[in-house]
Every structure is written in structure tokens, then in C-alpha cells.
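Spelled out, the chains give:
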Amino acid sequence: MENKSIKIIKNGPYVVTGSIKLTEKIITSQGKGYVYTAGRNLPQAKTYTLCRCGKSKNPPFCDGEHSKCAFHGEETASKAAFLDRAEFLIGADLDMRDDHRCAFARFCHRNDGTAWELIKQSDDPRLKEEAIKAASECPAGRLVAFEKNGTAIEPEYEPEIVILQDPERGVSCGIFVKGRIPLLSADGHPYERQNRFVLCRCGESVNKPFCDATHVHIKYQDG
Ligand code: FES
């Protein structure tokens, strides 16, 4: 894992090293919830650069367009730890933390309700399982379910980078980073190591480098 990383280039792309698997997934509705379906096959490489400015003509890869469009990619997100940033929500048999970093992937919605509704009913074992899924399937890592003894419940992920597409909204979504891949700021500082997060690739997030759902408002489409 130590040779795997994502390095942010100042006003430029994400440089991915360490032969990290690259896939594309489509956010697809199913009932009142969502699942991922397979997208295009993307080329695999030891090192690759992913577009961060939203203007590449060869998405999801950088083609140098960021220098022509004078991309301002200043990192504005807090580097404080999740536990220090997140709101603590108390449920029946499950608690949840919510850092409000929404990528608008909508996996917090399930047939029996939203993650916030489900934790309140988590004294029902079936709804507890649903609440855990609603929190854990959030790609942004915004929501984390906690047992009452304080243990965080996280899905097991292999390192992988997933380019998200959201045809239901007619847009392309961010970059879902799975499996605790280190993320390094353009100034060399590491962000907190997280199991799941979504990076902005439309270039317009106000919480760079993380996705804040702006791609929906600006109708970003990569193809
Ligand atoms: S970051 Fe290089 S083309 Fe977008």
C-alpha cells in the first residue's frame, strides 16, 4: 500500500501511482435506493493522471487542458480529522457521524428510509442492517455508522479508483476513492487517511479537492 498514492498537482491533475485499479461505475436506481452497474472499461497503468479541472478532452485522464483554461484548483477543504469535523447523531441501537461532505451519490436512501431515519429505528435488527448499509455505502464517507460501544463500521475495500457516472441526473459524478489510499495535497501535506472519499473532477467544487455535488448544478458531463 505504501507505494500507492494520489498526489494533487497545483492547479493541475491528480497523479495516481502504485498500479491502482481504475474502473467506471454507473449510479443506477433500484427501488428507492441505488446500486452500481459497470461502466466502460478503462485502461490500467502503473501511474496515471486524472483530470481535476473538468476540461480534458480525454476524460477521465488529464490532457494538459488545465493550463490552457487557467484552472484555479486551490484546495479549500479542511484537513481536520473526520471525528473532529463530523456531527454526532444518536440512534436507537446505532449512532452515526455525519461530516456533511455530500457527493450526491444518494446511497444513503434505501427502501425503508434514509440513513438518518434508519438509525432512529435501529433497535429493529433488520432496520439496523439497513442503516449500516445506508451509511457505509456512501462513497463520500460522509456517513459512518458506530456501534453503541464506539466501534466504527466500515466496509472492507481493496484499493480502487472508481470514475462515477450519474445518468439519472444527466451528469458525470466525482472520483470514488476506495481502500485507504493516501491523498497528498499540492503542498505535500497528507490528508487524513480515509477508507472512502470522493474527489472533485468537474473543477468547480468549493470544497476542493473533495466533491461537493457542484457537478449536478453545473451539469458536468465528461463525454
Ligand atoms: S486537470 Fe489536466 S486537463 Fe483537467
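Residues numbered from 1 in each chain as written. Predicted model: local features only at pLDDT ≥ 70, side-chain atom pairs only at ≥ 80, totals over all residues. Heavy atoms only, no water.

### Things to note about the pattern of salt bridges
Applying the stated criterion across every chain yields a total of 17 salt bridges. Across the pair Lys-178 and Glu-160 runs a salt bridge, and its minimum N-O distance is 3.8 Å. With Lys-178 in strand E13 (residues 171-178) and Glu-160 in strand E12 (residues 160-166), this residue pair connects regions lying 18 residues apart in the sequence. Connected via shared salt-bridge partners are Lys-25, Glu-160 and Lys-178. (Salt bridge = Lys/Arg side-chain N within 4 Å of Asp/Glu carboxyl O. Helix = DSSP H or I, 4+ residues; strand = E, 2+ residues; numbered from the N terminus.)

### Section: the sheet that holds strand E15 (residues 196-199)
Read from one edge of the open sheet, 5 strands run E4-E3-E12-E13-E15, paired in mixed fashion. Sheet topology places strand E4 (33-38) and E15 at the edges, where each strand pairs with a single neighbour. When the angles between neighbouring strand axes are averaged without regard to direction, this sheet yields 35°. Of the strand pairs in this sheet, strand E3 (residues 21-30) and E4 are connected by 6 bridges, and their pairing is antiparallel. Note that in E4 the partner of Thr-28 across the bridge is Val-35. (Pairing = 2+ DSSP bridges. Axes fitted to C-alpha atoms, helices over the stretch in contact; angles between N-to-C directions.)

### A look at the nonpolar core
Core analysis: the largest hydrophobic core is formed by 24 residues, its most contacted members being Ile-6, Leu-50, Ile-161 and Leu-199. Of all the elements in the fold, those that place two or more residues in this core are strand E1 (5-8), strand E2 (14-17), strand E5 (47-50), E12, E13 and E15. Beyond its immediate stretch of four places on either side in the chain, Leu-199 contacts Ile-6, Tyr-14, Gly-174, Ile-175, Val-177, Leu-183, Pro-209, Phe-210 and Cys-211. The next biggest cluster of nonpolar side chains, apart from the first, holds 15 residues, and it includes Met-96, Cys-108, Ala-115 and Leu-118. (Core = buried A, V, L, I, M, F, W, Y, C linked by side-chain atoms within 4.5 Å. Buried < 20%, exposed > 50% of the residue type's maximum accessible area, 1.4 Å probe, protein only. Contact = heavy atoms within 4.5 Å.)

### Side note on the domain arrangement of the protein chain
The domain boundaries assigned to the protein chain delineate domain 1 (5-78 + 159-217) and domain 2 (82-153). Taken over both partners, the interface formed by domain 1 and domain 2 buries close to 1,800 Å², and the fraction arising from carbon and sulfur atoms is 49%. Where domain 1 touches domain 2, the interface holds 2 salt bridges. Here Arg-106 and Asp-166 are joined by a salt bridge, their closest N and O atoms 2.9 Å apart. Run the count over domain 1 and domain 2 and you get 11 residue pairs in polar contact (both at pLDDT 80 or more). Within the residue set of the side of domain 1 that touches domain 2, elements represented by two or more residues are E3, E4, E13, E15 and helix H5 (214-217). When residues of the side of domain 1 that touches domain 2 are assigned to their parent elements, the largest contribution, 4 residues, is made by E4. (Domains from an automatic or database assignment. Buried area = accessible area lost by both parts, 1.4 Å probe. Polar contact = N/O pair within 3.5 Å; in protein donor to acceptor, adjacent residues only side chain to side chain.)

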